[in-house]
There are 4 protein chains.
Amino acid sequence: MIRVGIVGGTGYTGVELLRLLAQHPEVQIVAITSRGDAGTAVSSMFPSLRRRLRLRFEDPASANLKACDVVFFATPNGVAMTQAPDLLAAGVRVIDLAADFRIRNPAEWSQWYGMPHASPEWVEKAVYGLPEQDRAGIRNARLVANPGCYPTAVQLGFMPLLEAGVVDLDYLVADAKSGVSGAGRKAEIPALFAEAADNFKAYAVPGHRHLPEIRQGLSSMAGSPIGLTFVPHLTPLIRGIHATLYARIKQEADFQDLFEKRYQDEPFVDVLPPGSHPDTRSVRAANVCRIAVHRPQGGDVLVVLSVIDNLVKGAAGQAVQNMNIMFGLPETEGLWQLAVFP
Amino acid sequence: MIRVGIVGGTGYTGVELLRLLAQHPEVQIVAITSRGDAGTAVSSMFPSLRRRLRLRFEDPASANLKACDVVFFATPNGVAMTQAPDLLAAGVRVIDLAADFRIRNPAEWSQWYGMPHASPEWVEKAVYGLPEQDRAGIRNARLVANPGCYPTAVQLGFMPLLEAGVVDLDYLVADAKSGVSGAGRKAEIPALFAEAADNFKAYAVPGHRHLPEIRQGLSSMAGSPIGLTFVPHLTPLIRGIHATLYARIKQEADFQDLFEKRYQDEPFVDVLPPGSHPDTRSVRAANVCRIAVHRPQGGDVLVVLSVIDNLVKGAAGQAVQNMNIMFGLPETEGLWQLAVFP
Amino acid sequence: MIRVGIVGGTGYTGVELLRLLAQHPEVQIVAITSRGDAGTAVSSMFPSLRRRLRLRFEDPASANLKACDVVFFATPNGVAMTQAPDLLAAGVRVIDLAADFRIRNPAEWSQWYGMPHASPEWVEKAVYGLPEQDRAGIRNARLVANPGCYPTAVQLGFMPLLEAGVVDLDYLVADAKSGVSGAGRKAEIPALFAEAADNFKAYAVPGHRHLPEIRQGLSSMAGSPIGLTFVPHLTPLIRGIHATLYARIKQEADFQDLFEKRYQDEPFVDVLPPGSHPDTRSVRAANVCRIAVHRPQGGDVLVVLSVIDNLVKGAAGQAVQNMNIMFGLPETEGLWQLAVFP
Amino acid sequence: MIRVGIVGGTGYTGVELLRLLAQHPEVQIVAITSRGDAGTAVSSMFPSLRRRLRLRFEDPASANLKACDVVFFATPNGVAMTQAPDLLAAGVRVIDLAADFRIRNPAEWSQWYGMPHASPEWVEKAVYGLPEQDRAGIRNARLVANPGCYPTAVQLGFMPLLEAGVVDLDYLVADAKSGVSGAGRKAEIPALFAEAADNFKAYAVPGHRHLPEIRQGLSSMAGSPIGLTFVPHLTPLIRGIHATLYARIKQEADFQDLFEKRYQDEPFVDVLPPGSHPDTRSVRAANVCRIAVHRPQGGDVLVVLSVIDNLVKGAAGQAVQNMNIMFGLPETEGLWQLAVFP
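The rules behind the values
Residues numbered from 1 in each chain as written. Chains lettered and ligands numbered in written order. Predicted model: local features only at pLDDT ≥ 70, side-chain atom pairs only at ≥ 80, totals over all residues. Heavy atoms only, no water. Phe/Tyr/Trp six-rings, centres within 6.5 Å; stacked < 30°, edge-to-face > 60°. Helix = DSSP H or I, 4+ residues; strand = E, 2+ residues; numbered from the N terminus. Buried < 20%, exposed > 50% of the residue type's maximum accessible area, 1.4 Å probe, protein only. Lys NZ or Arg CZ within 6 Å of the ring centre and 35° of its normal. Contact = heavy atoms within 4.5 Å. Buried area = accessible area lost by both parts, 1.4 Å probe. Salt bridge = Lys/Arg side-chain N within 4 Å of Asp/Glu carboxyl O. Polar contact = N/O pair within 3.5 Å; in protein donor to acceptor, adjacent residues only side chain to side chain. Pairing = 2+ DSSP bridges. Axes fitted to C-alpha atoms, helices over the stretch in contact; angles between N-to-C directions. Right-handed = clockwise from strand over helix to strand, strands pointing away. Parallel < 35°, antiparallel > 145°, perpendicular 65-115°, else oblique. Domains from an automatic or database assignment. Nonpolar A, V, L, I, M, F, W, Y, C, P; charged D, E, K, R; others polar.

## Looking at the packing of aromatic side chains
Phase 1: Summed over the entire model, instances satisfying the criterion amount to 26 aromatic pairs over all chains.
Phase 2: Geometrically, the ring pair formed by Phe341(A) and Phe46(B) is tilted, given 5.3 Å between the ring centres and 55 degrees between the ring planes. Of this pair, Phe341(A) sits in the segment after α11 (312–326) while Phe46(B) sits in the loop between α2 (42–45) and β3 (57–58), each in a different chain. Assigned by exposure class, Phe341(A) and Phe46(B) land together as buried.
Phase 3: Ring centres 5.0 Å apart and planes at 15 degrees place the aromatic pair Trp109(D) and Tyr113(D) in the stacked group. Taken together, the positions of Trp109(D) and Tyr113(D), both in helix α4 (residues 106–113) and four residues apart, correspond to about one turn of that helix. Both residues of the pair, Trp109(D) and Tyr113(D), belong to the buried class.
Phase 4: The structure contains a cluster of three or more aromatic residues connected by ring pairs, namely Tyr12(A), Phe46(A) and Phe341(B).
Phase 5: Cation over ring: Arg52(B) sits above Trp336(A), and NZ or CZ is 4.0 Å from the ring centre.

## Thoughts on the interface of chain C and chain A
Accessible area lost upon the coming together of the parts is a frequently used measure of interface size.
Phase 1: With 19 residues of chain C at the interface, the matching set in chain A holds 19 residues.
Phase 2: The largest contributions to the chain C side of the interface with chain A come from Leu192(C), Phe193(C) and Ile238(C), which together make up 40% of the buried area.
Phase 3: Run the count over chain C and chain A and you get two salt bridges.
Phase 4: Among the salt bridges present, the one from Arg185(C) reaches Glu195(A), with a minimum N-O distance of 3.1 Å.
Phase 5: Where chain C touches chain A, the interface holds six residue pairs in polar contact (both at pLDDT 80 or more).
Phase 6: Top contributing element to the side of chain C that touches chain A by residue count: helix α8 (residues 193–196) of chain C, with four residues.

## Observations regarding the sheet that holds strand β2 (residues 27–33) of chain C
Residues and elements named next belong to chain C.
Phase 1: Pairing is parallel across the open sheet formed by seven strands, whose spatial order is β3-β2-β1-β4-β5-β7-β6. Here the strands that pair on one side only, and so sit at the sheet edges, are β3 (57–58) and β6 (127–128).
Phase 2: Its contacts with the sheet place helix α1 (residues 12–22) against β1 (2–7), β2 and β4 (70–73), and it is angled at close to 155 degrees to β2.

## What to know about the pattern of salt bridges
Phase 1: Under the criterion given, the structure shown has 83 salt bridges over all chains.
Phase 2: Residue Asp309(A) pairs with Arg239(A) through a salt bridge whose shortest N-O separation is 2.9 Å. Of this pair, Asp309(A) sits in the loop between β14 (301–308) and α11 while Arg239(A) sits in the loop between β10 (228–234) and β11 (241–248), and the two are 70 residues apart along the sequence. Comparing Asp309(A) with Arg239(A) shows no difference in burial state: the two are buried.
Phase 3: The shortest N-O distance in the salt bridge between Arg215(D) and Glu108(D) comes to 4.0 Å. With Arg215(D) in helix α9 (residues 210–222) and Glu108(D) in helix α4, the pair connects residues that are 107 residues apart, well separated along the chain.
Phase 4: We classify Glu108(D) as partly exposed; its relative accessible area is 23%.

## Side note on the pairing of strand β2 (residues 27–33) of chain B
All names here are of chain B.
Phase 1: Across the seven residues of β2, five count as buried, placing the element largely inside the fold.
Phase 2: Note on the crossover from strand β1 (residues 2–7) through helix α1 (residues 12–22) to β2: the handedness is right-handed.
Phase 3: Pairing analysis gives two bridges linking β2 to β3, with the strands arranged parallel. Its bridge partner lying in β3, Thr33 is registered against Glu58.

## Describing the packing of helix α7 (residues 149–164) of chain C against helix α11 (residues 312–326) of chain C
Residues and elements named next belong to chain C.
Phase 1: For the pair α7 and α11, the least separation of the axes is 8 Å and the interaxial angle reads 100 degrees. Here α7 is positioned roughly perpendicular relative to α11, judged by the angle of their axes. Contact with α7, carried on its side by Cys149, Thr152 and Leu156, involves Lys313, Gly314 and Gln318 of α11 and no other residues of that element.

## Side note on the domain arrangement of chain A
All names here are of chain A.
Phase 1: Structurally, chain A comprises domain 1 (2–125) and domain 2 (150–310).
Phase 2: Of the residues lining the interface, 14 residues belong to domain 1; the matching set on domain 2 comes to 14 residues.
Phase 3: Of the roughly 1,300 Å² buried between domain 1 and domain 2, counting both surfaces, carbon and sulfur atoms make up 51%.
Phase 4: Broken down residue by residue, the surface that domain 1 buries against domain 2 is led by Tyr12, Arg102 and Trp112, which jointly contribute 48%.
Phase 5: Viewed at the interface, domain 2 and domain 1 are joined by two salt bridges.
Phase 6: Between domain 1 and domain 2 we count seven residue pairs in polar contact (both at pLDDT 80 or more) in total.
Phase 7: Secondary structure elements with two or more residues in the side of domain 1 that touches domain 2: α1 (12–22) and α4 (106–113).
Phase 8: Tallied by class, the residues present in the side of domain 1 that touches domain 2 amount to six nonpolar, three polar and five charged.

What follows is the structure, encoded as structure tokens:
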């Protein structure tokens, strides 16, 4: 049994981690911390866990996280970079679901996240946790930077094309749509039901924090800098991301085949048959990315459709997948739930 | 392994059965039939099942259902009563998720369902599959009539009060609200998104088909006829039923204690602490009924709040629970998924 | 032209008032105040008003509200009772959309609203603004207490029965469902999209602040105390209230006829034909209450279905209706918009 | 008063026309036809119109449409092309809300709409009813082809750029998202609430019928052929279209200024300040297109955000706007309703 700790379990990624880990056959959740809610039974905050999870939130100061094999940080940006180094030094492995260790260049990180980086030395050692890209690195990582939700959907959608070098790198477009849980469990007016329901809008068009993360990933796949326009939208879903990706063809290929081959051994990436349109509910509550490739009207533009559940393959599920890899478990262990439909 | 067949798997209860049974460790799905979609891969209709269920729909005429240990009917009302007897005669056990065998009086059934009953002899032998009421009967049943969704929520909410004889039987009120999946996967105008979203309405106030089923169950619990007003409503949920029950106190008792004692050994009924308000999402995609008991302002009226997922504890989950009981499996086998929150 | 001021225009009732008043042919909006947003253009907060309303929010201290003919308070509870008296003394008429002047007994008000009442003398002079009940009183009122949303739906639904004395007063049940905008434009976790969407729950079953208001109104109609169980629910609508009302028949009557006669001259109460089920969208964005009367199975219980838009007939629309009455305008002036369907 | 007839009033564009025309001060609705519902009171099908519209649906054969000044066709594609010519010959002016007369090349029309064109001679005479593009043509038109919903949002968003010749014409991208009412009031599985709620998907990526219409319009604006990738998506809104448009800059300009100048005299196109993100609810139920222009990260790609209500500026509202122009009324007459927020 892997002894697991969770720092910051009161948000949506936190409770989703709890849902997955509480059902994971090889995991024992040892401690979960919350400064504000120490002493509260977890299941009194989240009745969906009643009678199945008997833990209470503990104060981060007193929780015995160093006795864990692995600690997940489901905290706001800026927390893990100050608290993880101490655990890492004690030999605990860490998976950070926030953005602290995702950007390789601490200066760039600071610019987008508005604070100096507290632990640039661990940025260097961190492994970016996209299993489809770097399974070997993750296996040996002490610190995994779990990818963002948009970056997961966008990178998996572009990866085969960029690795194969078949599209124009200067003008990639990622038009992405996210459910409202992506904004976190924070009391803010724009995330209210009466604001977000029956409404659709783009946001952060001038520049979203996931832009440098995606750009870094795509450049790494392509082996050279890329030009990307990334526009996120808020859509009245609870969960789900749909990325619609546009790329100009530079070199002919059997694009469907390219995707199928690239992902043929991946347990959590599903390439749909030609002509398909994946819907977000087909991955609701499941750790899957479903992808379809189109070439409308036989023209020179490829359209890739990529869907994930932002809380699962886009956050907690991918984190558990990374844990499985790190601890030598079958990668699908505890992640085999079917999507909830309808 | 239990060899399972499903008749009629293209509706919402059918696909929910598939989700649960495909993850059930003791089940092998042998055949699934659909007249209209014979030959189609199940996962091409329901992409949520891709790579996990490799069956195709078969024509009912050719499917070898008699080789099954148990067959689930997830068909419209009126189908099981004509097709089940043949299977039953062959020794196959049957769980009918439709209404064919729920009403003990075939004449009353005919009146509400608008057709003569084709198999009154099996009505007599059928066991009403509410485990919390008749676990022993279900264990030995050859034919289980799986309860309706409203009847499950309403009966579990009233049961402790009626069995204890503490409320006025003449004036029970069940104000119930259902998600739209309760209407089935049928192309009908009122169930369109543009009709049912951002809208709330009562329906069938003059008389809903679940009324006689509920009345029969409550009378049986009370040991005498009861007077019930039942008003169903359509609410913009995909899944979920919330029953708000009103009963006048006839005899003082510790009502909270009454509920807790009655359900203390039930794996799938969860009595919340005093003052709670269960929400439907706390049971989303899970086989649980959560109940809270209130006595507003210390008056003479009890208010019971009872929530289920209409497709799970209100249909497919309860059917699997019944199967587990019938085949001597642990009752929670394959039904241990946590609710999906948010 | 009526010179109108609005105190507190940044909530949902405030912006709805703006929508209605900006289109009212006899109204000039002179000032709108907001402490926190003074100086901000109203249409930059509410782009739906762009190019049609050129006002800016003013600081309450400097706004010249005394030059108005009437001032609407769209403020949290407790504001109008401290600020309105000064305006009233200056001869300005006031319509309070909050609860400050709704409860005739200041001690009871204090108990439910958790603060002492600052202006009991104006409570006495205030007129409860339900036009269908007291049009004459409203006409001459200096201060109108605009009814709550639930109280409007419930009182209009019970009124004909109570006035006619045909139902048992001891055991009235009001099971009411509200859209999320009823909770106001406040950043609170339970009102988030990811919490309230695809979810249904009761709340405040032990006692909701609208209970004493409704009880007071119903008792006044009945001419004697009544026993009421009131259970509010949160439903995933933006706008809309559906009240399902239960009453035991005490005296036979033609109940449909009773309702039709009672409301035959009312411009904003629409009694549907027998057998109808009003849906909330049929009143979306319109100042209408639609009502249907049922007697299920010919029994001894009446079920009344009553729907309003909580922000219109349940708040801002009714406030404008009251203004029209107070200033001798046709009651429908500026309130003649059709419901938005779908 | 303009005497108006409506052919086919039982769909969403039909009932929206009724909402707008019933409130139009210069219109008398003379007749509304429906083959299937002849004899039915319009308000019994659409209770939102109760007590405000006393018409009944008439059989198309017997309705006296030739006595009208103008007839709106709110029918499926293929109806107006067979029935309008007779009315036009009788001197009645016609506004077709379907696609019959939108594509100038009847052969191309046939290819996309799957039937031969019944009236190519009227295709030639028809005027495409986008007022912002051809107000003069509409004024004198006998037959107006009212634009599609996607085409309205996309064309208004690209128009200033194409007319000014400042972007690369070879690689335009229109990623468009529509509410479910855009699919019409047809009983089809994918439009069910339980299918479309909490779900997001692209559709018709290989080729949507609005593609040739948009391409024709954009080419006309640009004065030369354009290359367009158009991907429509279904999003869980009742109403609303959000078009996200991408274009590569070919020639520097003050793009914000370009848009503001182009639309400065347009009553129904609202260019937002720099940095804005229009949301669909800001135009809900209103005849407005709101547009924002972005140049993310100061790069070489422009992003234009364009929102409309698909049933108003995208259908019925634009049709009434066209009628106003045709009959010399102020263009805003009867179209001045503010958006419904929240």
